[in-house]
Amino acid sequence: MSEETIMAFNGLGMGMGTLSLLSSAKTRSICAENFTGEKGRGGMAPEKGGAARDLGTGWKISPCIRIAAGEEREIANINGPGAIQQIWMTPNNPWRFGILRIYWDGQPTPSVECPIGDFFACGWEKFAPVSSLAVCVNPGSAFNCYWEMPFRKDCRMTFTNIGAEAMTLFYQINYTLTDVLEEAAYFHAQFRRVNPVPYKEVYTILDGVRGQGQYVGTYMAWGVNNSGWWGEGEIKFYFDGDKDWPTICGTGTEDYFCGSYNFENKATKQYQEFTTPYAGLPQVIRPDGVYQSQTRFGMYRWHVTDPIRFEEEMRVTIQALGWRSGGRYLPLQDDIASVAYWYQTLPTAPFPKFPTADELEVV
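This report concerns the structure included in the present document. Quick caveat, the model's predicted, so the values are computed rather than measured.

For the protein, the count of helices and strands is four helices and 27 strands. The C-alpha radius of gyration of the protein comes to 21 Å, within 12% of the 21 Å expected for a compact globule of 363 residues. The principal-axis extent of the C-alpha atoms belonging to the protein is close to 70 × 55 × 40 Å. Among the 363 residues that make up the protein, the fraction classed as buried is 50%.

Written as C-alpha cells, this is what we have:
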C-alpha cells in the first residue's frame, strides 16, 4: 500500500480522489459551543438571558468568546495523535493585536507565533479576498486555513489580545484523532516585521531553523515608502551549509510571487490584484490623497507542489530594491512584514523576541 493510501486511510492527506475511502479516524471540532471538542458535548451552554432567552439551551447560546485587553486565552488543548485539518476564525479589529500561538507535543516554545491577520494572508487590517489552497479569506472577515497540522502527543493553541480594548472572536478548529506517520513533520509559522528596513540591508524572512523539513509558503505585507517601482529585489534560500551564497536565488519580487512586469495590467496601467491556488497579489491599498498616503501590498506564495526541502537548517532573505537615476537600483527603506510557513522535526528553535503592540501597529 502506498504512503498516500496509508495517509488517506488514517484520515490525513484527504483529496477528492480519496474521499470515498473508509477510515478509522475520529472527527472532532472545537468552538465556543464545545471548548474541548468532546464527542456529543456541543451546544450545551446554559441560557443566561441573551438572544436565546425565549428558546433555551441548544439555541446558539455561546457562539463566540470575549478576550479582554492583555488576556491570553487557550482555545484548544487536544490529546493526540491527530491532526488539525481546518481553522476558521473571524476576529474583530485590530488584527495585528490578536496573536495566534500553537504548541506541539508539550513544547514550551511555540511553533506558530503570528498576528491573526498576517497568518491568514491579510496583514493590513483591511479585508481582501483570498482564494487559495492553503488559505481563504471570505466576506466579511472570514479567515480560513487548510494547512494540515499533524501532532503525536498533544496540540495547544492560544489567542492573545495585546491591544488596549477587548476583542470578540468567533472560531472553529476542525481536527481528526488518528495515527500519524513516522515521516510526518510539524507545521510552523513565524512572523517578522521591520519598519523601515535599514538602507542597504536585506530583509530576513526566516533564520535560525534547525532540523529537517520543507519550506512551504511566504506571505508578505509590503508598505512602500518611495515613489516608483519597488519590487526588483531577489529572494534567496540558504540551507544545509550555505553561507555567503544561496542555493536558490530568485530574479525579482513579483517573479517569486508568480507575477511579472510590476504586477501591471497593461491596459489600465494599474497594479492588478489576483488570487490563485498557489500564489497571489490579493491586496493593493492605494493612496486616497489625504491620510492614506502610502501604497501597500499583500502577497502570498505557497510551495505546495514545489516545497523547498532542507536537512539541517534554513534561512530566507529578500532584497528591497527600486530604481534611481542613471538606470541604477535604489535600496529601499520600506515597511515590510512577513510570515514564513514550513514543516520540520522537533524541537522548535526559539523564535526571535515577539514585537510589542507599538512595533506591530499598522501606521
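Bringing empty space enclosed by the protein into the picture now. With the rule as written, the count across this model stands at one cavity of 30 Å³ or more. Approximately 30 Å³ is the volume attributed to the largest cavity. Considering only residue class, the lining of the largest cavity consists of five nonpolar, four polar and no charged.

What follows concerns the pairing of strand 11 (residues 154-161). In terms of residue burial, strand 11 counts as a mostly covered element, since six of its eight residues are buried. Of the pairings in the sheet, the one linking strand 3 (residues 72-79) to strand 11 comprises seven bridges and is antiparallel in character. Bridging across to strand 11, asparagine 77 finds its partner in arginine 156. As judged from the seven bridges shared by strand 5 (residues 98-104) and strand 11, these two strands associate in the antiparallel manner. Looking across to strand 11, one finds that tyrosine 103 is bridged to arginine 156.

A cluster of nonpolar side chains, namely Leu133, Tyr278 and Val304, defines an oily patch on the protein surface of about 250 Å² accessible area. Residue classification places leucine 133 among the partly exposed positions, given a relative accessible area of 47%.

Reported here for the second largest pocket is a volume of approximately 200 Å³. Forming the boundary of the second largest pocket are Trp124, Glu125, Lys126, Ile285, Tyr291, Gln292, Ser293, Gln294, Arg296, Val362 and Val363.

A few words on unusual backbone geometry. Between proline 139 and the following residue, glycine 140, the backbone shows a cis peptide bond with an omega angle of -10 degrees. Along the chain, glycine 140 turns up in the loop between strand 8 (135-138) and strand 9 (142-145). Note that the residue after asparagine 195, namely proline 196, is joined by a cis bond; omega there is -5 degrees. Structurally, the position occupied by proline 196 is in the loop between strand 13 (186-194) and strand 14 (203-210). Unusually for a residue other than glycine, lysine 269 sits at a positive phi of about 60 degrees. Residue placement: lysine 269 occurs in the loop between strand 18 (264-265) and strand 19 (270-271). On the basis of relative accessible area, lysine 269 is assigned to the exposed category, the value being 58%.

Counting across every chain of the model gives ten salt bridges. We note a salt bridge from arginine 96 to aspartate 118, for which the minimum N-O separation is 2.7 Å. Placement of arginine 96 in the loop between strand 4 (82-91) and strand 5 and of aspartate 118 in helix 2 (residues 116-119) is noted, with a sequence separation of 22 residues between them. Each member of the pair arginine 96 and aspartate 118 is classed as buried. As a salt-bridge pair, glutamate 264 and lysine 266 come within 3.5 Å of each other at their nearest N and O atoms.

Criteria and thresholds
- Residues numbered from 1 in each chain as written.
- Predicted model: local features only at pLDDT ≥ 70, side-chain atom pairs only at ≥ 80, totals over all residues.
- Heavy atoms only, no water.
- Helix = DSSP H or I, 4+ residues; strand = E, 2+ residues; numbered from the N terminus.
- Rg over C-alpha atoms; globule rule 2.2 N^0.38 Å.
- Buried < 20%, exposed > 50% of the residue type's maximum accessible area, 1.4 Å probe, protein only.
- 1 Å grid on protein atoms, 1.4 Å probe; cavity = no way out; pocket = protein on both sides within 12 Å on 5 of 7 lines; lining within 4 Å.
- Points joined across faces, edges and corners; volume = space filled by probe spheres on them.
- Nonpolar A, V, L, I, M, F, W, Y, C, P; charged D, E, K, R; others polar.
- Pairing = 2+ DSSP bridges.
- Patch = residues over 30% accessible without salt bridge, like charges linked within 9 Å, V, L, I, M, F, W, Y side chains within 5 Å.
- Areas by Shrake-Rupley, 256 points an atom, 1.4 Å probe, with all protein chains shown as cover.
- Salt bridge = Lys/Arg side-chain N within 4 Å of Asp/Glu carboxyl O.

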